[in-house]
Amino acid sequence: MQPVIQVRGIDKRFGDFRALSGVSLNVAAGEKIVVCGPSGSGKSTLIRCINRLEVHDAGEILVGGVALDDRSADKVRRDVGMVFQQFNLFPHLTVLRNLTLGPMRVRGLAGEEAEAKAMEYLERVRIPEQAEKLPGQLSGGQQQRVAIARALCMEPEIMLFDEPTSALDPEMIAEVLDVMAELAGSGMTMIVVTHEMGFAKRVADRMVFMDKGEIVETAPPEQFFSAPETERCQTFLNQILGH
Amino acid sequence: MRSRARFAEAPAHPPPPPQYGRVLLVLGLCLVLTACGSGGWYVVDPTLPNGRSNLWFMLSGFWYTIKLSFMALIIAIPGALLIALCGLSSNRWLQRLYRGYVEVIRAIPLLVLILWVYYGLPDLDIRIALFWSGVVALAIGESAFLAEVFRAGIQSVPRGQIEAAKAISLNYPDTMRYVILPQAIRRILPALGNQFIYVVKMSALVSIIGAPELTRKANELIVTEYRALEIYTVLALEYLVLVLILSAGVRWLERRMGSDERKL
């Protein structure tokens, strides 16, 4: 079967800094990929390239068989949901309005339809009672769950997570990871950039380790954690698991 | 302990002390003092028939000033927004157009702009009626400043907001309308208020081409009554009333929109 995401030898530079060099990655439908690596290794840049929040300089990215360019970006983004480290909820809109904006303006749903769908996803992330509040009135964990629901309201086929728990207080990480694990169980294709190795062991089909803009190692989690092949990966795992 | 108790009693946000009363009091005092000295106030004394008719004559410019300022703003606001969006575009030519427009318009004194539109343009066979000449000159002069305010406001919205809008594939107009502008405008309301007041005050300059607004009316009256101090004092009060109403309106808007900001 054709992979739903094909990244073929992409490069990305920020001035003189090579954020990505020659990165290739195929993701099958329903596959869960966890990307890890030291900071500055290009993991965020990679997933930001997949929905064209960053424009790659060389190589090719195909999402659902469509090559990403300026023209196809909007269409591709409808099928790709994204969750950010800083949540990026719209602070002036209620939770419900945050969720219905996309479906109403992009999918053309009527208000009631969009609201019904929004409530359905709010139930799924277990905060339907917060629908009328503004994002600023919620805890970080709740905000991130709203952000997940907002992405899901667009009914994407792929979900990208850019360090979704890095900005959270420790006691709120679990509630977000639980929602993500549940989503993984529903068969969603997911690429997750995270340092939560417990989550990775639980959910990932494949681990991707990046360093200095390159994919250094790819392996199923059992193998990845027990017998990492490269030294860089071993060092990294020792550093984050060792404390 | 005592100080802490006192602290707790103080309201979290003390209401701003009322300023209008004080301002009017000071002006009233000026009036009374100058009245004692020169005694020319009969020209604007509402208890005398002549004073009353003079006052009516001056007040008859109100509507013109309001129309002039209002129309100028109605044109300048969307215009400035479009200009600001050019400045924020990734297209280098639009950016240059923006820079050029802002720098050139900002550099022209409004008075010169008014004279240029009313007396200059007819030489190019572009004849604009008196009222609309004033409106156009005010709107153009204002648009450069407003554009900078809009640009600053839009740039102050965190980048993540645009990315989140892109991620749910909102198009550019929807992103601006639903996500960026509501947040930007809330932040720039105080600056917008300044600009609105600026337009009302600068509309006085349109008197130079003979538009029958407040300042022109006052000047006409002085020609027959020769009482500059009294008549210009009343004129200043007329602008004060206009500006106070306007600024109250802006603060009402700020309260309405800003109440949510506190919960962010």
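All of the points below concern the structure found in this document. (Residues numbered from 1 in each chain as written. Chains lettered and ligands numbered in written order. Predicted model: local features only at pLDDT ≥ 70, side-chain atom pairs only at ≥ 80, totals over all residues. Heavy atoms only, no water.)

## Focus on the overall build of chain A
Within chain A one finds nine helices and 10 strands. The C-alpha atoms of chain A give a radius of gyration of 18 Å, which matches the 18 Å a tight globule of 243 residues would have. In terms of principal-axis extent, the alpha carbons of chain A reach across some 55 × 45 × 35 Å. The buried share of chain A, taken over its 243 residues, is 56%. Pairs at least 24 apart in sequence give 65% of the contacts found in chain A among residues at least 6 apart. In the structure as shown, chain A presents an accessible area of about 10100 Å², 45% of it carried by carbon and sulfur atoms. Of the side-chain charges in chain A, 26 are positive and 34 negative, and the distance between the mean point of each set is 4 Å. (Helix = DSSP H or I, 4+ residues; strand = E, 2+ residues; numbered from the N terminus. Rg over C-alpha atoms; globule rule 2.2 N^0.38 Å. Buried < 20%, exposed > 50% of the residue type's maximum accessible area, 1.4 Å probe, protein only. Contact = heavy atoms within 4.5 Å. Areas by Shrake-Rupley, 256 points an atom, 1.4 Å probe, with all protein chains shown as cover. Lys, Arg positive; Asp, Glu negative; His and termini not counted. Charge placed at Lys NZ, Arg CZ, Asp CG, Glu CD.)

## A word on unusual backbone geometry
Residues other than glycine seldom take positive phi values, yet phenylalanine 87 of chain A does so here, at roughly 65 degrees. Secondary-structure assignment places phenylalanine 87 of chain A in the loop between strand S6 (80–83) and helix H3 (95–105). Although it is not a glycine, tyrosine 226 of chain B sits at a positive phi angle of roughly 55 degrees.

## Observations concerning helix H5 (residues 92–107) of chain B
Residues spaced three or four apart along an α-helix point in a common direction, a consequence of the helix completing one turn every 3.6 residues. Residues and elements named next belong to chain B. For H5, with 16 residues, the first-to-last C-alpha span of 23 Å sits near the 22 Å given by 1.5 Å per residue. Of the positions making up H5, those classed as buried are Tyr98, Val102 and Ile105. For H5, the angular spread of the buried residues around the axis is 85 degrees, confining them to a single face. Exposed residues pointing more than 90 degrees away from the buried face of H5 are listed as Arg92, Trp93 and Ala107. Where the residues of H5 are buried, they touch helix H4 (62–88) and helix H7 (130–156). Its side-chain oxygen 2.7 Å from the backbone nitrogen of tryptophan 93, asparagine 91 forms the N-cap of H5. (Expected span 1.5 Å × (residues − 1). Arc of directions from axis to C-beta. Polar contact = N/O pair within 3.5 Å; in protein donor to acceptor, adjacent residues only side chain to side chain.)

## Digging into the interface of chain B and chain A
Listed as interface residues are 20 residues of chain B and, on the opposing side, 25 residues of chain A. A per-residue breakdown of the area chain B buries against chain A is headed by Ile168, Ser169 and Tyr178 of chain B, which together make up 28% of the total. The interface formed by chain B and chain A includes two salt bridges. We note a salt bridge from aspartate 174 of chain B to arginine 105 of chain A, for which the minimum N-O separation is 3.1 Å. (Buried area = accessible area lost by both parts, 1.4 Å probe. Salt bridge = Lys/Arg side-chain N within 4 Å of Asp/Glu carboxyl O.)

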